[in-house]
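An overview of the molecular structure
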Amino acid sequence: MTLPAGIETTWLPVALSRQVQMKPLKRRVAGEAIVLWRSKDGIRALRDRCPHRNYPLSAGRVENGKLTCPYHGWRFDGDGRCVEVPGCTLDTHSRLKAETIAVAELDGAVFVRLQGGADDGWIGTLPPMPDTPDFDHFWWAMRPETARVFDALDNVLDPFHTNFIHDGIIRVKHRRQRVEQTIRTHERSFEVTYVQDTDHGWMSRALEGPRAQSRGHYYPPVAFQGRWEGPKALTLCVTIWFVPEDEHAIRPVARFSTPKSKGPAWLKEAMIRLFLFQVIGQDADALKRLHDNIAAFGGPRFSAGPGDRLGDKLMTLYQGGRLVPGEFGPFTMDL
Ligand code: FES
Ligand SMILES: [Fe+2]
């Protein structure tokens, strides 16, 4: 299996609200092409395929909130109903319906769900994010990258690559510190805590101040949340969805939350973007190499090293299985 279990029924962020305008926006999500546009009733989404002859609707135009297919000019409203067939009298709409996709907005980001329809309780299905007025937030919709979604999750949960791939920025290859790792498993997720001082890399030093611990939480199928905590309070929370376009590409979307006390929101956003830009590029490069090499060898092969305590849990949840709740550790490691 390359795409995770349950991806079709999960709410996934696919764009920023400001990216969805009158002009149709095409996205690929878990192998399905969809088209989004904004009407006066809000954002609409359809499968990007005209029910008439399969033409991509995303190549069409929006007028008065209705999307026109370029091939024969059929027009569809936001509920997918065909409201006009040029040259003909339209008596029955029902057979001619385009397929709708459930779409919802949260605080500047657009989420879709391929199967299961709209759902008033959808926000409750997202990873819990710090949402009190004491926090500033911003979204970051990243470019698509060649990567397998499993490898992206494995990478973000894996502390050992940071000393190498991000040497000097996050951690340092030849200057490690003793870290205590504790793992907590729940039936449908797990979290890992690292008790340690601030990392030695310059980005950690510049952005963070003293650290008490950091935590990573996997929320299947494709979300990860990292929390960095100082002695008194949360310094930074990042929730990132590795949204698969298909088995070969991901389009990550992240939400960053920082406490309001730490300076102006625009400055924090600018600093985080500036510093993380290089880190994201380093991971993207590594993930592409993994993807291409796995393809060249005809499939992945993993072995668990002495520090790899998360891979089996990740794989179980990724494939739709459950974990036995428990606590493991603390384990010591040098990072
Ligand atoms: S294919 Fe879309 S109108 Fe004919
Ligand atoms: Fe990384």
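Everything below is about the structure shown above.
Below: a short report on this structure. Because the structure is a prediction, the values reported are computed rather than measured.

1. Notes on a nonpolar patch on the surface
On the surface, L207, W266, L267 and M271 cluster together to form a nonpolar patch covering roughly 380 Å² of accessible area. Per element, the largest residue contribution to the nonpolar patch is three residues, and it comes from helix α3 (residues 265-296). As for its placement among the helices and strands, M271 is situated in helix α3.

2. So, the pairing of strand β10 (residues 109-113)
Most of β10 sits out of view: five of its five residues are buried. Every second residue of β10 is oriented toward a common face, with A109, F111 and R113 on one face and V110 and V112 on the other, all of them buried. Of the strand pairs in this sheet, strand β1 (residues 12-16) and β10 are connected by four bridges, and their pairing is antiparallel. Opposite L12, over in β10, you have V112 as the bridge partner.

3. What to know about the environment of F76
Positionally, F76 belongs in strand β7 (residues 75-76). For F76, a relative accessible area of 0% translates into the label buried. For the pair F76 and C237, spaced 161 residues apart in sequence, the C-alpha to C-alpha distance is 41 Å. Non-local contacts of F76, meaning those with residues more than four positions away in its chain, are made with W37, L46, C50, P51, L57, K66, L67, C69, R81, C82, L96 and A98.

4. A word on the coordination of the iron ion (ligand 2)
Looking at the metal site, the iron ion (ligand 2) is ligated by H161 (NE2), H166 (NE2), D283 (OD) and D283 (OD), spaced 2.1 to 2.3 Å from it. The coordination sphere of the iron ion (ligand 2) comprises four donor atoms, whose angles at the metal cover 58 to 147°; the geometry is irregular. In primary-sequence terms, the residues that donate to the iron ion (ligand 2) follow H-x4-H-x116-D. Residue H161 is located in the loop between α1 (149-157) and β13 (178-185), and its partner D283 is located in helix α3; the two are separated by 122 residues in the primary sequence. In this structure D283 comes out as buried when scored by relative accessible area, which is 14%.

5. Re the packing of α1 against helix α4 (residues 311-318)
Two quantities define a packed helix pair, namely the angle between the axes and the distance from one axis to the other. Contact geometry of α1 with α4 gives a least axis separation of 11 Å together with a crossing angle of 140°. Judged by the inter-axis angle, α1 sits oblique to α4. Considering only the axes of α1 and α4, their crossing is right-handed. Residues V149, F150, L153, D154 and L157 of α1 form the contact with α4, whose participating residues are L314, M315 and Y318.

6. Comments concerning α1
Along α1, seven of the nine residues are buried, which leaves the element largely enclosed by surrounding structure. Among the residues of α1, V149, F150, D151, A152, L153, N155 and L157 are the ones counted as buried.

7. Here's the deal with the sheet that holds strand β9 (residues 102-106)
With antiparallel pairing, the three strands of this open sheet are ordered in space as β1-β10-β9. Either end of the sheet is taken by a strand with one partner, and the two such strands are β1 and β9. Averaged over all pairs of adjacent strands, the angle between their axes in this sheet comes to 35°, without regard to strand direction. Looking at chain direction, β9 and β10 are connected through five bridges and run antiparallel. Within the sheet, the bridge partner assigned to V103 lies in β10 and is V112.

8. Structural notes on the side chain of T198
Within the secondary structure layout, T198 lies in the loop between β14 (190-195) and α2 (202-208). Those residues in contact with T198 that sit more than four places away from it in its chain are Q177, S204, R205, E208, G209, P210 and R211.

9. What to know about the nonpolar core
Counting 72 residues, the largest nonpolar core has V29, L36, F111, W241 and F256 as the members making the most contacts within it. Ranked by the residues each element gives to this core, the list is headed by strand β17 (residues 234-246), at six residues. Residue assignment places this core across two domains, with domain 1 (7-123) and domain 2 (130-334) each supplying three or more. Those residues within four positions of F256 in sequence are excluded, and the remaining contacts are D136, H137, F138, W140, L236, C237, V238, I272 and L276. Listed in part, the 14 residues of the second largest apolar core include V35, L67, F76 and C82.

10. Description of the packing of α1 against α3
Here α1 crosses α3 at 135°, and the two axes come no closer than 10 Å. With respect to α3, the element α1 is oriented oblique. The element α1 and its partner α3 pack so that their crossing is right-handed. Across the interface between the two elements, D151, A152 and N155 from α1 touch D283, L287, L290 and I294 from α3. Residue classes in the contact of α1 with α3 are distributed as four nonpolar, one polar and two charged.

Conventions we followed
Residues numbered from 1 in each chain as written. Chains lettered and ligands numbered in written order. Predicted model: local features only at pLDDT ≥ 70, side-chain atom pairs only at ≥ 80, totals over all residues. Heavy atoms only, no water. Patch = residues over 30% accessible without salt bridge, like charges linked within 9 Å, V, L, I, M, F, W, Y side chains within 5 Å. Areas by Shrake-Rupley, 256 points an atom, 1.4 Å probe, with all protein chains shown as cover. Salt bridge = Lys/Arg side-chain N within 4 Å of Asp/Glu carboxyl O. Helix = DSSP H or I, 4+ residues; strand = E, 2+ residues; numbered from the N terminus. Buried < 20%, exposed > 50% of the residue type's maximum accessible area, 1.4 Å probe, protein only. Pairing = 2+ DSSP bridges. Contact = heavy atoms within 4.5 Å. Donors = N, O, S within 2.8 Å, 3.2 Å for Na, K, Ca; no water. Tetrahedral: all angles 85-135°; square planar, octahedral: opposite > 155°, others 65-115°. Axes fitted to C-alpha atoms, helices over the stretch in contact; angles between N-to-C directions. Parallel < 35°, antiparallel > 145°, perpendicular 65-115°, else oblique. Left-handed = near helix turned anticlockwise from the far one by under 90°. Core = buried A, V, L, I, M, F, W, Y, C linked by side-chain atoms within 4.5 Å. Domains from an automatic or database assignment. Nonpolar A, V, L, I, M, F, W, Y, C, P; charged D, E, K, R; others polar.

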